[in-house]
Amino acid sequence: MFAMTVRQRGRMEGQFELTPGMHAIVGSSGAGKTTLFRLIAGLEHHPSLKIRWNEQSIDRLLPHQRPVAYVPQRPSLVPHRTIEDQIRWIAQGSLPHWSHWIQWLNLEELLNRYPHQLSGGEQQRAALLRALVAKKPILLLDEALSQIDRPHRVSLYRKLQETLGEETLLLFSTHQWEEAEQFSEYVVFLQKGRIASSNNITQTVPVDSEMARMMGYVGSVPVPDGHLLIHSRTIVLGQSLGPSLHISGQGYQQPVSPTLSRYHFLSDDGRLLLEWIGNPSETTQFDDISIINPVLVPFSLPSTQGGG
Amino acid sequence: MFAMTVRQRGRMEGQFELTPGMHAIVGSSGAGKTTLFRLIAGLEHHPSLKIRWNEQSIDRLLPHQRPVAYVPQRPSLVPHRTIEDQIRWIAQGSLPHWSHWIQWLNLEELLNRYPHQLSGGEQQRAALLRALVAKKPILLLDEALSQIDRPHRVSLYRKLQETLGEETLLLFSTHQWEEAEQFSEYVVFLQKGRIASSNNITQTVPVDSEMARMMGYVGSVPVPDGHLLIHSRTIVLGQSLGPSLHISGQGYQQPVSPTLSRYHFLSDDGRLLLEWIGNPSETTQFDDISIINPVLVPFSLPSTQGGG
Amino acid sequence: MRRLLGIWSGITLAVLFVPVVVLFLHAGSLEQTIRSTAGRNAIEVTLGSGIIALAVDLLFGIPLSWILARLVRPKWRRWWGTLLIIPLLMPPLVLGLVLAYVVGPASPIGSTISLANTFAGLVIAQIYESLPFFVLTAWGYLGAIPRSLEEDVWVLGKSPWQTFWFVTWPMARAGFAIAAAMAWARIVGAFGAPVVVAYHPSGLPVAIWIQLQEQGLPAALGLALWLIIVSLPLPVWLNWRFSHVRYDR
Amino acid sequence: MRRLLGIWSGITLAVLFVPVVVLFLHAGSLEQTIRSTAGRNAIEVTLGSGIIALAVDLLFGIPLSWILARLVRPKWRRWWGTLLIIPLLMPPLVLGLVLAYVVGPASPIGSTISLANTFAGLVIAQIYESLPFFVLTAWGYLGAIPRSLEEDVWVLGKSPWQTFWFVTWPMARAGFAIAAAMAWARIVGAFGAPVVVAYHPSGLPVAIWIQLQEQGLPAALGLALWLIIVSLPLPVWLNWRFSHVRYDR
Amino acid sequence: GGSGAQQVSGTKTGTANVVYAGSLEFVNNEQVGPAFEKATHFRYQGQGGGSFGMAQEIKSKTLAPNVFESIGYAPIQVIEPRDTKWAIAFAASPLVVAYSPTSHYAPELNAIRDKRLPLRDLFTLMATPGFHLGRTNPNTDPQGQAFYMMVELAVKHYNLPAGTVDQILGTLNNAKEVYSEEGILTLLQSGGLDASSAFLSEALERHLDYIALPSWMNFASPAEASVYRSASLTLSDGKTISGKPLTVDITTVGTPEQASVGFIKFLLGAQGSTIMRNAGYQVFSPEVFGSMADVPSALKP
Ligand SMILES: Nc1ncnc2c1ncn2[C@@H]1O[C@H](COP(=O)(O)OP(=O)(O)OP(=O)(O)O)[C@@H](O)[C@H]1O
Ligand SMILES: Nc1ncnc2c1ncn2[C@@H]1O[C@H](COP(=O)(O)OP(=O)(O)OP(=O)(O)O)[C@@H](O)[C@H]1O
Ligand SMILES: [Mg+2]
Ligand SMILES: [Mg+2]
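Residues numbered from 1 in each chain as written. Chains lettered and ligands numbered in written order. Predicted model: local features only at pLDDT ≥ 70, side-chain atom pairs only at ≥ 80, totals over all residues. Heavy atoms only, no water.

The name an unreviewed UniProt entry gives chain A is Molybdenum ABC transporter ATPase, with Sulfobacillus benefaciens as the organism.

A. Representation of the overall build of chain A within the structure. In terms of helices and strands, chain A carries seven helices and 18 strands. Based on the C-alpha atoms only, the size of chain A along its principal axes is roughly 70 × 45 × 35 Å. The buried share of chain A, reckoned over its 308 residues, is 60%. Partitioning the contacts of chain A with sequence separation of at least 6, the portion at a separation of at least 24 is 62%. Of the roughly 12000 Å² of accessible surface on chain A, a fraction of 48% belongs to carbon and sulfur atoms. Here chain A holds 27 positive side-chain charges and 29 negative ones, and the gap between their average locations is 10 Å. (Helix = DSSP H or I, 4+ residues; strand = E, 2+ residues; numbered from the N terminus. Buried < 20%, exposed > 50% of the residue type's maximum accessible area, 1.4 Å probe, protein only. Contact = heavy atoms within 4.5 Å. Areas by Shrake-Rupley, 256 points an atom, 1.4 Å probe, with all protein chains shown as cover. Lys, Arg positive; Asp, Glu negative; His and termini not counted. Charge placed at Lys NZ, Arg CZ, Asp CG, Glu CD.)

B. Seen up close, the coordination of the magnesium ion (ligand 4). All names here are of chain B. Note on the magnesium ion (ligand 4): its protein donors are Thr 34 (OG1) and Gln 73 (OE1). The metal-donor distances range over 1.9 to 2.2 Å. Taken together, the residues span a long stretch of sequence, with Thr 34 in helix H1 (residues 33-41) and Gln 73 in the loop between strand E6 (68-71) and helix H2 (83-91) at a distance of 39 residues. Residue Thr 34 is classed as buried on the basis of its relative accessible area, which comes to 15%. (Donors = N, O, S within 2.8 Å, 3.2 Å for Na, K, Ca; no water.)

C. Summary view of the arrangement of the chains. Contacts are most numerous, across the eight pairs of chains in contact, for chains C and D. Separating chain A from chain E is a minimum C-alpha gap of 50 Å, and the two share no contact. Contact between chain B and chain E is absent, and the minimum C-alpha spacing across the pair is 50 Å.

D. Highlighting the sheet that holds strand E14 (residues 246-257) of chain A. Residues and elements named next belong to chain A. Spatial ordering of the open sheet is given by E13-E17-E14-E15-E16, a layout of five strands whose pairing is antiparallel. Each of the sheet's edge strands pairs with one partner strand only, and the pair in question is strand E13 (235-237) and strand E16 (272-278). For this sheet, the mean angle separating the axes of adjacent strands, direction not counted, is 35 degrees. Relative to strand E17 (residues 285-291), E14 is paired through five bridges, and the arrangement is antiparallel. (Pairing = 2+ DSSP bridges. Axes fitted to C-alpha atoms, helices over the stretch in contact; angles between N-to-C directions.)

E. Region of the structure containing the site of ligand 2. Close to ligand 2 lie 18 residues, the nearest being A:Thr34, A:Thr35, A:Gln73, B:Arg113 and B:Gly121. Those residues lying near ligand 2 are distributed over chains A, B and C. Taking A:Ala31, its main chain carries an N or O atom lying 3.3 Å from an oxygen atom of ligand 2. Within the side chain of B:Arg113, an N or O atom sits 2.6 Å from an oxygen atom of ligand 2. In the complex, 84% of the free accessible area of ligand 2, which totals 640 Å², lies under the protein chains. (Near = heavy atom within 4 Å. Polar contact = N/O pair within 3.5 Å; in protein donor to acceptor, adjacent residues only side chain to side chain.)

F. The interface of chain C and chain D, seen in detail. Contacts between chain C and chain D engage 94 residues on the former and 93 residues on the latter. The junction of chain C with chain D conceals about 9200 Å² of combined surface from both sides, 80% of it contributed by carbon and sulfur atoms. In terms of surface lost to chain D, no three residues of chain C exceed C:Leu89, C:Tyr101 and C:Trp240, which account for 8% of the buried area on that side. The interface formed by chain C and chain D includes zero salt bridges. For the interface between chain C and chain D, the tally reads eleven residue pairs in polar contact (both at pLDDT 80 or more). Per-element tally for the side of chain C that touches chain D: the top contributor is helix H1 (residues 2-26) of chain C, with 17 residues. Taken together, the residues of the side of chain C that touches chain D sort by class into 69 nonpolar, 15 polar and ten charged. (Buried area = accessible area lost by both parts, 1.4 Å probe. Salt bridge = Lys/Arg side-chain N within 4 Å of Asp/Glu carboxyl O. Nonpolar A, V, L, I, M, F, W, Y, C, P; charged D, E, K, R; others polar.)

G. Seen up close, the sheet that holds strand E6 (residues 133-136) of chain E. All names here are of chain E. What the five strands build is an open sheet, ordered E7-E6-E8-E5-E9; its pairing is mixed. Looking along the sheet, the strands with just one partner apiece sit at the ends: strand E7 (178-179) and strand E9 (209-212). Of the strand pairs in this sheet, E6 and strand E8 (residues 195-199) are connected by two bridges, and their pairing is parallel. In the strand pairing of E8, Leu 133 is matched with Ala 195. Strands strand E5 (95-99), E6, E7 and E8 of the sheet are contacted by helix H8 (residues 181-189), whose axis makes an angle of about 125 degrees with E8.

H. Seen up close, the relation of the copies chain C and chain D. The two copies are related by a screw operation: chain C maps onto chain D through 180 degrees of rotation and 0.0 Å of translation along the axis, at an RMSD of 0.1 Å. Such values leave the two copies arranged in the relation of a two-fold axis. In this assembly the copies share their binding face: 99% of the residues contributing to the interface of chain C also contribute to that of chain D. (Least-squares fit on C-alpha atoms with pLDDT ≥ 70 in both.)

I. Region of interest: the confidence of the model for chain E. For chain E, mean pLDDT is 89; residues scoring 70 or higher make up 96% of the total. Contacts from residues 1-10 of chain E, a stretch scored under 50 in pLDDT, to residues over four places away or in other chains number 19 contacts. (pLDDT = per-residue confidence, 0-100.)

J. Structural view of the UniProt feature "domain: ABC transporter" (unreviewed entry) in chain A. Under the present numbering, the feature "domain: ABC transporter" (unreviewed entry) in UniProt falls on residues 4-217 of chain A. In residues 4-217 of chain A, helix accounts for 30% and strand for 24%; the two terminal C-alpha atoms are 29 Å from one another. (UniProt positions renumbered as here; feature names shortened; annotations may be inferred.)

K. Broad picture of the packing of helix H12 (residues 217-231) of chain C against helix H5 (residues 92-103) of chain D. The N-to-C vectors of H12(C) and H5(D) enclose an angle of 130 degrees; their axes lie 10 Å apart at closest approach. Here H5(D) runs oblique to H12(C), going by the angle between their axes. Handedness of the crossing formed by H12(C) with H5(D): left-handed. Residues C:Leu217, C:Ala220, C:Leu221 and C:Ala224 of H12(C) form the contact with H5(D), whose own contacting residues are D:Val94, D:Leu97, D:Val98 and D:Tyr101. Across the contact of H12(C) with H5(D), the residue classes break down as eight nonpolar, no polar and no charged. (Parallel < 35°, antiparallel > 145°, perpendicular 65-115°, else oblique. Left-handed = near helix turned anticlockwise from the far one by under 90°.)

L. The site of ligand 1, seen in detail. Near ligand 1, the surroundings consist of 19 residues, among which A:Arg113, A:Ser119, A:Gly121, B:Thr35 and B:Gln73 are the closest. At the site occupied by ligand 1, nearby residues are drawn from chains A, B and D. Contact distances for ligand 1 include 2.6 Å between an oxygen atom and a side-chain N or O atom of B:Thr34. With respect to ligand 1, the side chain of B:His175 contributes an N or O atom lying 3.2 Å from an oxygen atom. For ligand 1, whose unbound accessible area comes to 640 Å², protein coverage reaches 84%. Every element with two or more residues in the shell around ligand 1 is listed here: helix H4 (120-132) of chain A together with H1 of chain B. A per-class count over the shell around ligand 1 returns one nonpolar, twelve polar and six charged.

M. Broad picture of the pattern of salt bridges. Residues and elements named next belong to chain A. This model, assessed by the stated rule, comprises 33 salt bridges over all chains. One salt bridge connects Arg 88 with Glu 84, and the closest N-O pair in it is separated by 2.4 Å. Of this pair, Arg 88 and Glu 84 are both found in helix H2 (residues 83-91), four residues apart, which corresponds to roughly one turn of the helix. The partly exposed category is assigned to Arg 88, whose relative accessible area is 32%.

N. Looking closely at the environment of C:Leu212. Topologically, C:Leu212 is positioned in helix H11 (residues 204-215). You can call C:Leu212 buried: its relative accessible area is 1%. Along the primary structure C:Leu212 and C:Leu4 are separated by 208 residues, whereas in three dimensions their C-alpha atoms are 42 Å apart. Leave out the neighbours within four places in its chain, and C:Leu212 touches C:Leu217, C:Ala220, D:Leu97, E:Glu182, E:Thr186 and E:Arg206.

O. Inspection of the nonpolar core at higher detail. With 460 residues, the main nonpolar core has A:Met4, B:Met4, E:Phe123, E:Met150 and E:Phe263 as its most contacted residues. In this structure E:Phe123 touches E:Met150, E:Val151, E:Ala154, E:Tyr158, E:Leu160, E:Thr164, E:Ile168 and E:Met217, once residues within four positions along its chain are discounted. If you look at the next biggest cluster of nonpolar residues, it comprises 13 residues, including E:Val19, E:Phe68, E:Tyr73 and E:Ile79. (Core = buried A, V, L, I, M, F, W, Y, C linked by side-chain atoms within 4.5 Å.)

P. Fine view of a nonpolar patch on the surface. Together, C:Met1, C:Leu4, D:Trp161 and D:Trp165 give the surface a local cluster of nonpolar side chains, amounting to about 470 Å² of exposed area. Along the chain, C:Met1 falls in the segment before H1. Using a relative accessible area of 52% as the deciding quantity, one classes C:Met1 as exposed. (Patch = residues over 30% accessible without salt bridge, like charges linked within 9 Å, V, L, I, M, F, W, Y side chains within 5 Å.)

Q. Up close: the domain arrangement of chain A. Residues and elements named next belong to chain A. The domain boundaries assigned to chain A delineate domain 1 (2-210) and domain 2 (212-297). On a C-alpha basis, the centres of domain 1 and domain 2 stand 35 Å from each other. Contacts between domain 1 and domain 2 engage 13 residues on the former and ten residues on the latter. For the pair domain 1 and domain 2, the two sides together bury roughly 890 Å², of which 67% comes from carbon and sulfur. Three residues, Trp 177, Pro 206 and Glu 210, lead the burial of domain 1 against domain 2; their summed loss comes to 53% of the area buried on that side. Where domain 1 meets domain 2, there are one salt bridge. Between Glu 181 and Arg 233 there is a salt bridge whose closest N-O contact spans 2.6 Å. Seen at the junction of domain 1 and domain 2, the total is seven residue pairs in polar contact (both at pLDDT 80 or more). For the side of domain 1 that touches domain 2, the secondary structure elements donating two or more residues are helix H6 (177-183) and helix H7 (209-214). (Domains from an automatic or database assignment.)

What follows is the structure in C-alpha cells.
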C-alpha cells in the first residue's frame, strides 16, 4: 500500500493512496508530474510531505535508501560509462539474469556503446532496463517511453504489466490518455500542482474541462442534470437507441488516409457541433449520432477544440 | 523544392524530394531520424551528401548559414539565459511581433525563467517558439513535441499547419502514426539507416511488416495476390459487404474504460486471429468482420503483436 | 562518511590558513610600511604592472584556450596538453635566468633596447610566470562546456562568433575568472623572474625582499600583508562577478 | 575570424615557448650536470619530496574541493571562493618567511622538533606553495559537473559514496589531473619558500641557485633543463591517462 | 631606468648602475645612493644579491651594471679579465654572532655580549648538542668562509678541545646549519635559530642582538691579515683558501663611465666613508687589487 500526502502551496498539494499494480499519473504540461515523482524519489523535499509504503514511513529516507527506482523525463544515463557497465553496476553484477529483457528491448548490440552513441529511443530503453535491474518495489517512469514508437511502447507496457511482481508498484506518467486507459488500474490526475483526483480507471470521470479534453472528449451536450460529454470513440453514426443519448443533425466523413477519417457533425440549423478524427466508415454522409456510455458532468466543453 | 541524396553505408542511404508543406519523418527507434535531421541541419557531414533547396545547393554551407532551423530531440535551450533573452536573441529583437504565439503556447508567465525552472513540456514549447522566431524557410522538429499532452500537441500541429508560409517546409518526426496521417502530406519512412520510402500520405503502403506495425496494422490475411493488411480502424463488426473483404469467425468485446474496448476475434476453428484496441460498440459478441479500404501487400504480419 | 569528510576538510582549511594567520600575527606595523616611499612605490608598481600583465594574459590566453578547446581534434588533445605542460614547468627562477638572455643586454632585443630593469621587463617576467597557468586552467574549463550547447543555436542561424558571446562566454567566464585569479596570484607573487630581470622597478615581492635585507623580518612581513591586501580585491571581484553559472536542476 | 584566431594562438604558443627554446640553447652540458653529485642529489630530492607533497595535496585537496563543490550552498559559494583566494595570494617568498615561524623551534611544532633544513620542511614548503592552486582548480572542475548526474543514480539505490566512485570521480579526474599538473609545477619549481626554510636538502630550484653561484649560468641552466626533463613525465602521464572524458555528441 | 650600456657617456648625466652584495643593500639603497644623487648629477640604481651569483650573471651578460661591489675580491675575479682587471678594497664588515633573544641560551648569550661571561664560553655553548647555529654556504658565500675560519681561529686561540671545531661546524656544507644567505637571518628572527653568523652592518640594520668579536677574529681589520691568513679551508671543489679580511671591494664593469667612476669616487671620499662607518663598516685607506694600470686615473690613490 502506497500513501502520500503533501501540502506545499503552489507547488504540490493533495493526497492519494494506491495499491500495488500499474498506475498512471496524468496531467497537462506543467501540471506537476515530474515534481510529484521527485518528491517520491526524495530529490525534492517539503516538511509537509508524508509517504508511507507498506506501513513504513519513507519520507525521511535519503534517495538511495528509498524503495524507489526513478527514470526521469530527460536523458539520464551516465555519460561516460557504457550501457553495460552502468547496468551491471546498478544490477550489482548479475546481468545474465536479465538477458531476456536485454533481448526484448533490442539492446544486445548497444550494450558496449556509450549513451551519446545511442538514439533517443535507445537511450530510453536502456534507462528503463537500468531502472528495472535496481529491483526496487516502486518503479517511477516519468514519460520514460515518450521517444519509443507506438507499437513498441504498447507492447512494452504490456510486458511490464505482465512481469510486475505482486508487491510492486509502477507509476508512469504519460501524455497519451489511451495508454493510461489501457494499462493502469488507477489514474492520478494532476492539475496546476494539485492532486485533483485519483480513481479507478473504469470509474474516472473528468473533474473539469481540461481533464476532459486530455481524456479525448471532443464536445458536450447540455442536458437537465448537467452536460453529456462526448468522446469520439463513443459516437455511433446514424439513428439509434434511447432518446437521451441521441443527437440529431447531419454529418459527413472526410477521409484523411486509408485508415483515418475526419468527421464533421452539424446541428439541424447548420451549426458545427462536433469535429473528430476516427475510424473510417462505409457511409460518407449520415443523419444523427448516438453516444455509447455517456458521461454526465456538471461542466461543459466547447464543441470545437480551442488553441494552446 | 527540397531534394536530398546521401550514400553513407550503414548510417544513412537514399534520397527523397519534397515540396514545401508539412511532412513527417517516420521510423522506429534507432532508424535514423535524428541522423537525417542532423545531416540536413549541417551538424553531420558526408562527402556523398547532396541537398538542394529551391535550386540552390546548401550541403556545403555551415549550419548557421543554411536556411534551416532545427529543434533537437533532447532539451536544447541555453541553460544560463532566460527564455525571453534567448528567444529575443534568436528573433533579433522583435518579440512583440510574436506575442500571439507566446500566448498561444502559454509561455507568457515563463518568459523570465531559466530553462531548468520549466517542466519538460514547457521547455519543448519554448524551444519550438525559439525555432519559429528564427524564421527559416525549413523547420525541422525532431520529436520536438513528444512531451506535450495529446490534445495540445494536436492543436499545435494544426496551428503550425495553418500558419505555415507558402514557401516553407516543415519536417517533423513522430512516434504517433496518427499524427503523421493527420498532419503530413508526404511521409518519409526510415528503416535502419535507409530512406525506405517517401510517399503521399494517402498512398502510403507499408513496405514491410515493421512499417505496417508502426502504421497500426494489427494483422493480415493471406489472399492469392499477397496479404491483406488489417488495421484496427478499418474493421467493421458483424457480417457485411463484398466477399474479398470479409473474414468469418466470432469476436467479443471487452470494455477497458468507458471509452475504450479490447476486441478479440477468433477463426471458426477457435484460433485467435486478431486482437485490437478500439472504440466501444453496442454489441459484446459478433460474428464475422469486414474490412474497409483493405491494403494489399506482399508480406504478412503475424496476427498477434510480438514483443520488442 | 560525510561527517568525516567535513572534519577532514576543516583540517585542510585550517592548515591552509596557518601561514595567513602567522602573517597577521607577526607582521610589523602596517601604517609604518605604507608611509615609506619604497613601500608605496612597490604597491603602485605591482598593481600597475600586474593589471597590464593580466590583460596580456587574457588577450593571449583566451583565444589560445578557446582554439585548443574547440578546434583541436579530440585525438590531438593529449599531445597539445603535453606540449603545454613544458612551459608550465619552467620554475620562476629559471624563467628569470632565461629571460635575462631574452630581454637582457646580451640579446638581440636587448642590444637595441634593453628591457632588463624596466617596467616592460617586469611585465614580461610576470606574463611568463602566469600565462601557462592561465591557459591550462581556462582550456580545461572550456573543454568541459558541451559542444551541443553551441550546435543547438548554430542551427537557428547564429554564427559561431555570435554563439561564443551569447552561449559560451557566460559559461566560460567562471572558468576564466578562476584562471585569472590564479594568474593574478602568480603575477603579484612573481619573485623568481623579476628578481633577476626586473629588480627595478621593484614590485612587491622584490620590495619585500629588499625590505627583508634592509629592515629585517617584521618590516618585510608588514609589506607582505600589504601585498595580500592590495591584491585581494581584483580576484575577489572576479570571483564575485563571474561566479559559477549553475543551471542544472 | 577563425583564421585570425589561429594565427593569434600560434603567436601565443610561440611566445610561450621562447623561454623553453632559450633554455635549450644556453644550457650547459646535460651530461656533466648529472655527473655532479649535487645535481643528482637535487633531482632525487625534488622527485622524492615532490611526490610526497603531491600526494599530500591530493589527500587534502580532493576532499576539500569535493565538499566545497557539493555541500556548500550556492549562495555561500562566493564567500568560500573569496576565502580561498587569500592563501592563493601568498607569494612563495612570503610563504617562506612565514613558514620560518612555523617550522622553527619557536613554534609549537618546532619546539619539539625543528623542521627547518629537513626533508619534512621542504615538503611542507612545497605543499604550501601548491595546495591552494590545487584546491581552486579542482573545485572549479567539480563544480562544473551537473548535480543531476548524481541524482539520476541515487534514485536507483546507489549511495553518494558509490556514486562518487562510479560517476563523479571519472569525470572529475580530468580536472584533478590538470589541478595536479599545476600543483606539480608549483612543487618542482618551488624556490621562494624552500630557499628560506629548506636550503638543505636542496631541491632542484635551490640547487640551480647554488649552481649559478658556484659554476655560472650555463651549468645552472643545464640543471634547469634537468628539472624540466625529470618533472615532465608525471604531469604528462596524468594528462595522458586522465585526459578529458568527452561525452557530448 | 636603463642600464646604460658600455659606451662612455659624454655628458655628466649618466646612471651609476650598481650591483652589490645583498648585505650592502641597506647602506647602498638608503644612504649612499641618495647621498650620491644629491652630491652629483648622476643617477643611481642599485641591485643586490649573492656576490657570486651576481658575478656569474655579469659574466653571462645577463646583467649589465657599470659598478660591481662585492664582499671579498673573489667574486670580482669571476668577471676578470673581460669586464674588469682591478678592484679597490676600501672597507670591511666585521663578522658578528647574532642571536635570538627568545633562545633557550639567551641568558648566557646576553652575558657573553655584556662581557659578564668570557667570549670563550660562546664556543663551548655553540658546541652544545641541540644548539641551533646557522651559517651560510662557504662554497658560495665569503661570509660563510669567514665564519668557518673564525671558529677555527677561536678554537685554536682558546685552546678548546680538539674536536670542538667539528662539534660546532660539522662538515663544510653541514645540512643542519647551512642556510641560504636570503633565509638565514629570517630564521634567526623567527626564532628558528639560536644564533647565526652575520655582518655587524646587518645586525645593526635589523636591530638584532649580537656578540661582537675582537678584531683578530672578525675578519674586518687589514692589520690582522696575517692572523686571518693562518686559517684555511678546503672547499667542496678541492680548492683550498686561506683567510683574508672580509673587505668591501668595488670595481667598474666594462669601460669605465663618468657615472660609475663618479660613484666609486664618492664612496671612497669623505662623505662615503662617513656613511660606511656609521653603518657599521670599518673603513680604511683604499687598497688596489689586480692591475693597477687599469684603474681609472680619477680613482688612483
Ligand atoms: N555516435 C554514434 N556511434 C555509433 N552509432 C550511433 C551513433 N549515434 C547514433 N548511432 C546509431 O545510429 C542509429 C540512428 O540513430 P538516430 O539517433 O538517428 O535514430 P532515431 O531514428 O532518431 O531514433 P529515436 O527515435 O530513438 O530517436 C541508431 O541505431 C544509433 O544507435
Ligand atoms: N525550479 C523551479 N522554479 C519555479 N518553478 C518551477 C521550477 N521547476 C518547475 N517549476 C514549475 O512547476 C510546475 C510543475 O513542473 P513539472 O516539471 O512537475 O511539470 P510536469 O507535469 O512534469 O510537466 P511536463 O509534462 O511538461 O513534464 C511547472 O509549472 C514548472 O514551470
Ligand atoms: Mg515532467
Ligand atoms: Mg532521434
